[in-house]
Amino acid sequence: MKLQKLTEMQKNILREYEPILRKCVNVGDLATAKRVVSKLQKILRATGHETRLLQAKNWLYECAMESGELNFAISGFMG
């Protein structure tokens, strides 16, 4: 898929949610991290920003490790 330019609204959403996701990693808040990645995935996959989506998913799986959900983290990293 060809990379589409992000709209200002999409950029604002990313600016809001990516720091929340990184904070989730620090505190091990997996439930919030899952919700945030779901929102980010809708934007990033639709616009072809797969690398940025993979980065967000890596943060999600790191958060899973921090919260003790090792099976979720392992399956995510392997997928």
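Scoring rules and cut-offs
- Residues numbered from 1 in each chain as written.
- Predicted model: local features only at pLDDT ≥ 70, side-chain atom pairs only at ≥ 80, totals over all residues.
- Heavy atoms only, no water.
- Core = buried A, V, L, I, M, F, W, Y, C linked by side-chain atoms within 4.5 Å.
- Buried < 20%, exposed > 50% of the residue type's maximum accessible area, 1.4 Å probe, protein only.
- Helix = DSSP H or I, 4+ residues; strand = E, 2+ residues; numbered from the N terminus.
- Contact = heavy atoms within 4.5 Å.
- Patch = residues over 30% accessible without salt bridge, like charges linked within 9 Å, V, L, I, M, F, W, Y side chains within 5 Å.
- Areas by Shrake-Rupley, 256 points an atom, 1.4 Å probe, with all protein chains shown as cover.
- Salt bridge = Lys/Arg side-chain N within 4 Å of Asp/Glu carboxyl O.
- Phe/Tyr/Trp six-rings, centres within 6.5 Å; stacked < 30°, edge-to-face > 60°.
- Expected span 1.5 Å × (residues − 1).

Colleague: Could you clarify how one ought to interpret the nonpolar core in this entry?
Modeller: Among soluble globular proteins, nonpolar side chains are generally buried collectively. Grouped together as the largest cluster of nonpolar side chains are 21 residues, with contacts concentrated most on Leu 21, Ala 33, Leu 40, Leu 60 and Cys 63. Of all elements in the fold, only α1 (8–27), α2 (30–46) and α3 (50–66) reach the threshold of two or more residues within this core. Dropping the residues within four chain positions of it, Cys 63 is found in contact with Cys 24, Val 25, Gly 28, Asp 29, Leu 30 and Ala 33.

Colleague: I would appreciate a short explanation of a nonpolar patch on the surface in the present structure.
Modeller: On the surface, Met 65, Leu 70, Ile 74, Phe 77 and Met 78 cluster together into a nonpolar patch covering about 530 Å² of accessible area. If you tally residues by element for the nonpolar patch, the top one is helix α4 (residues 70–78), at four residues. By the element assignment, Met 65 lies in helix α3.

Colleague: When you look at the packing of aromatic side chains in this model, what are you seeing that I'm missing?
Modeller: What characterises a pair of aromatic rings is the spacing of the ring centres plus the angle enclosed by the ring planes. Tallied over the full model, the rule gives two aromatic pairs. Here Tyr 61 and Phe 77 contribute two aromatic rings whose centre-to-centre distance is 5.5 Å and whose plane-to-plane angle is 65 degrees, an arrangement assigned as edge-to-face. Linking Tyr 61 in helix α3 with Phe 77 in helix α4, this pair joins segments that are 16 residues apart in sequence. According to the relative accessible area criterion, Tyr 61 is buried, its value standing at 13%. Taken together, the ring pairs in this structure connect Tyr 61, Phe 72 and Phe 77 into an aromatic cluster.

Colleague: Would you mind going over α2 with me for this structure?
Modeller: Side chains three or four residues apart in an α-helix point the same way, a direct result of the helix having 3.6 residues per turn. Look at α2: 24 Å from first C-alpha to last across 17 residues, which is about the 24 Å you get at 1.5 Å a residue. If you check which residues of α2 are buried, you get Leu 30, Thr 32, Ala 33, Val 36, Val 37, Leu 40, Ile 43 and Leu 44. Buried positions along α2 lie against α1, α3 and α4. Once α2 finishes, Gly 48 follows within two positions and takes phi at roughly 80 degrees, a positive value.

What is shown is where atoms sit, not what they do.
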